[in-house]
Amino acid sequence: MAAAAGLSPRLVVTPGRRSHSHGRRRMCCAAAAAAQGERKTTVRSKEGDAVELCRVVNGMWQVSGPSWGRYETPAAVDAMLRYADGGLSTFDMADISRTLLSPAAPPVPRRGVVRPARCSGGGGAAAVETAASGAKVCTVSNRGDSLAICRVLNGMWQTSGGWGRIDRDAAVDAMLAYADAGLSTFDMADHYGPAEDLYGLFINRVRRERPPELLEEIKGLTKWVPPPVKMTRSYVEDNINRSRKRMDVSALDMLQFHWWDYANPGYLDALKHITDLKEEGKIKTVALTNFDTDRLQIILENGIPIVSNQMVDAWGGWSLFQALLQTLKKVSLKHGVSISTVAVRYILNQTSVAGSMVGVRLGLSEHIKDTNAIFSLELDEEDMNSITEASNKGRNLMDIIGDCGDEYRA
């Protein structure tokens, strides 16, 4: 919930409990109950191991690569000292923070659901053709741009590495089998390993071995995830041409654009060049991946014809999310704090939650004051009930996604 504002809880530390699909976990933890204003909690294993933690954890994922901005070691360490001096004394990190992520291999955006891009206010909005519950195809559109896609997309993230060696011929055979079964839309990215190259091999086999009617149904949606460099026309065009060549198409069916650092407004330059390339026939439709509402509003107001914004949408959709934000905003105004502070406080008030992780951009930006406000905020019964009521209108994510981590394994 807090992802829409300054604080973004990345992890919730909970007592171990029975998984719906994986049996009992090897280590069951118990979290000591904490009052609303209490900073620390203790998590214990059945075997007697215990550790005392700050209930708001400083997440250090943002040091993992240049997408979050360049950081200086002394400044980062000074920032960590300030967090600790401010009472935020627990830090969360991983051994892969620097070794797996680089400008050449940026972090992979989380898979999501393609949804029409919408934003309140002016600037225009995309539309999606209403489809019956059993329909396989729908159309996303904005102004004169439209694209018919299968409502279940074949995500090719797993070709990016870490899921086993990809056999080229077997992969293309599998893509043909999916297409023959009516699952004709494939989602990939410039950095999903050989995904775009596999699509190029696949689409050539469709041209040679399948009827023209099937070729018309096939759609290849790719993402471009550039590093935060100057977005010149030549730089953008070179990258788009590279994807066109790899996918062996004259025009990309959909280019989904991702941008890591909103402090760098270069995303508008990139999207304007992308729109020019669309007008020249090199791209059929332009979309976004994981853009927030504020940036989507700016983009639409600049006349960029966005047809969709891929976001994680399993909980309940755009309108329900907006309703939840309005509820959080009402509570935040009542207490004079940010929406994200309310959201994290609400999560911490759940009986099963020991702590919530908030990302830190060490040496680049700080939110110590806002984070500490979480501990002094006391939500009353009316606050808790209103947020719970809004939240309960969405789907049960345990039923939709499964146990923790299953969203990556599904």
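Structural notes, computed from the coordinates. (Residues numbered from 1 in each chain as written. Predicted model: local features only at pLDDT ≥ 70, side-chain atom pairs only at ≥ 80, totals over all residues. Heavy atoms only, no water.)

## Digging into the overall build of the protein chain
Note the cut-off: Only DSSP runs of H or I with at least four residues qualify as helices, and only runs of E with at least two residues qualify as strands; both kinds are numbered from the N terminus onward. Only protein chains enter the area calculation, which uses a 1.4 Å probe; residues under 20% of their type maximum are buried, those over 50% are exposed, and those in between are partly exposed. It only takes one pair of heavy atoms within 4.5 Å for two residues to be counted as in contact. The protein chains shown are the only cover counted for residues, whose accessible areas, like all others here, come from Shrake-Rupley with a 1.4 Å probe.
Counting secondary structure elements, the protein chain contains 13 helices and 16 strands. When burial is assessed residue by residue, the protein chain has 44% of its 410 residues classed as buried. Partitioning the intrachain contacts of the protein chain with sequence separation of at least 6 by distance along the chain shows that 72% fall at a separation of at least 24. Of the roughly 20,200 Å² that the protein chain leaves accessible, carbon and sulfur atoms contribute 52%.

## Things to note about the packing of aromatic side chains
Quick reminder of the rule: Stacked, tilted and edge-to-face are the three classes applied to pairs of Phe, Tyr and Trp rings, where Trp contributes its six-membered ring and a pair requires centres within 6.5 Å; stacked means planes under 30 degrees apart, edge-to-face means over 60, and tilted covers the rest. Counting as a charge over the ring demands two things of the Lys NZ or Arg CZ atom: a distance within 6 Å of the ring centre and an angle within 35 degrees of the ring normal.
In this structure the tally under the stated criterion is 11 aromatic pairs. Each ring, one from W224 and one from Y235, has its centre 6.1 Å from the other, and the planes form 40°; the classification is tilted. Linking W224 in strand β12 (residues 219–224) with Y235 in helix α5 (residues 233–247), this pair joins segments that are 11 residues apart in sequence. Judged by relative accessible area, Y235 falls into the partly exposed class, the value being 25%. An aromatic cluster of at least three residues, connected via ring pairs, comprises W224, Y235, F257, W259, Y262, Y267 and F291. If you follow R295 out to its NZ or CZ, it ends over the ring of Y262, 4.3 Å from the centre.

## Regarding the environment of V137
Counting through the fold element by element, V137 comes out in strand β8 (residues 137–142). For V137, a relative accessible area of 44% puts it in the partly exposed group.

## Some details on the packing of α5 against helix α6 (residues 266–279)
Selection rule: Lines fitted to C-alpha atoms define the axes here, with helix axes fitted over just the stretch in contact, and angles between the N-to-C directions of these axes take values from 0 to 180 degrees. For classification purposes, an angle smaller than 35 degrees is called roughly parallel, one larger than 145 roughly antiparallel, one from 65 to 115 roughly perpendicular, and anything else oblique. Rotating anticlockwise by less than a right angle from the far helix to the near helix defines a left-handed crossing, while the corresponding clockwise rotation defines a right-handed one.
α6 packs onto α5 with a crossing angle of 60° between their chain directions and a minimal axis gap of 9 Å. Between α5 and α6, the angle falls in the class oblique. Note on packing geometry: the crossing formed by α5 with α6 is right-handed. Counted together, R233, V236, E237 and I240 of α5 and A270, H273, I274, D276 and L277 of α6 form the full contact between these two elements.

## Examining the packing of helix α3 (residues 195–209) against α5
Packed helices, taken two at a time, are described by their axes: the angle between them and the distance between them. Quick reminder of the rule: Throughout this entry, Asp, Glu, Lys and Arg are counted as charged residues, while Ala, Val, Leu, Ile, Met, Phe, Trp, Tyr, Cys and Pro are counted as nonpolar. The remaining residues, Gly among them, count as polar.
Direction vectors running N to C along α3 and α5 enclose 45°, while the axes themselves pass 6 Å from each other. Considered as vectors, α3 and α5 are oriented oblique to each other. Two secondary-structure elements touch here, α3 through A195, E196, D197, Y199, G200 and I203 and α5 through S243, R246 and M247. Partitioned by chemical class, the residues of the contact of α3 with α5 number four nonpolar, two polar and three charged.

## Side note on the pairing of strand β14 (residues 283–289)
What counts here: A pair of strands is treated as paired once DSSP finds two or more bridges between them. Looking down the strands as they point away from the viewer, one classifies a crossover as right-handed if the path from the first strand across the helix to the second runs clockwise.
Of all seven residues that make up β14, six are buried, and the element is covered over most of its length. Pairing of strand β13 (residues 252–257) with β14 involves five bridges; the strand directions are parallel. The residue of β14 that forms the bridge with L255 is V286. In this fold, β13 hands off to α6, which returns the chain to β14; that crossover is right-handed.

## Quick look at the pairing of strand β3 (residues 40–45)
In this sheet, strand β4 (residues 50–54) lies alongside β3 in antiparallel orientation, the contact comprising five bridges. The residue bridging V43 from the neighbouring strand is V51, located in β4. The turn linking β3 back onto β4 is made up of four residues, and G48 within it adopts a positive phi angle of 105°.

## A closer look at the nonpolar core
Here is the rule: Within this scheme, the nonpolar core is defined by two criteria: the residues are buried Ala, Val, Leu, Ile, Met, Phe, Trp, Tyr or Cys, and they are joined through side-chain atoms within 4.5 Å.
The biggest cluster of nonpolar side chains holds 44 residues, and the ones touching the most others in it are Y199, F202, W224, F257, L271, I274 and I299. The set of elements that each furnish at least two residues to this core consists of α2 (168–180), α3, α5, β13, α6, β14 and α7 (293–301). Those residues in contact with F202 that sit more than four places away from it in its chain are V172, M175, L176, A179, F186 and I218. Listed in part, the 12 residues of the second largest apolar core include V331, V342, L379 and I387.

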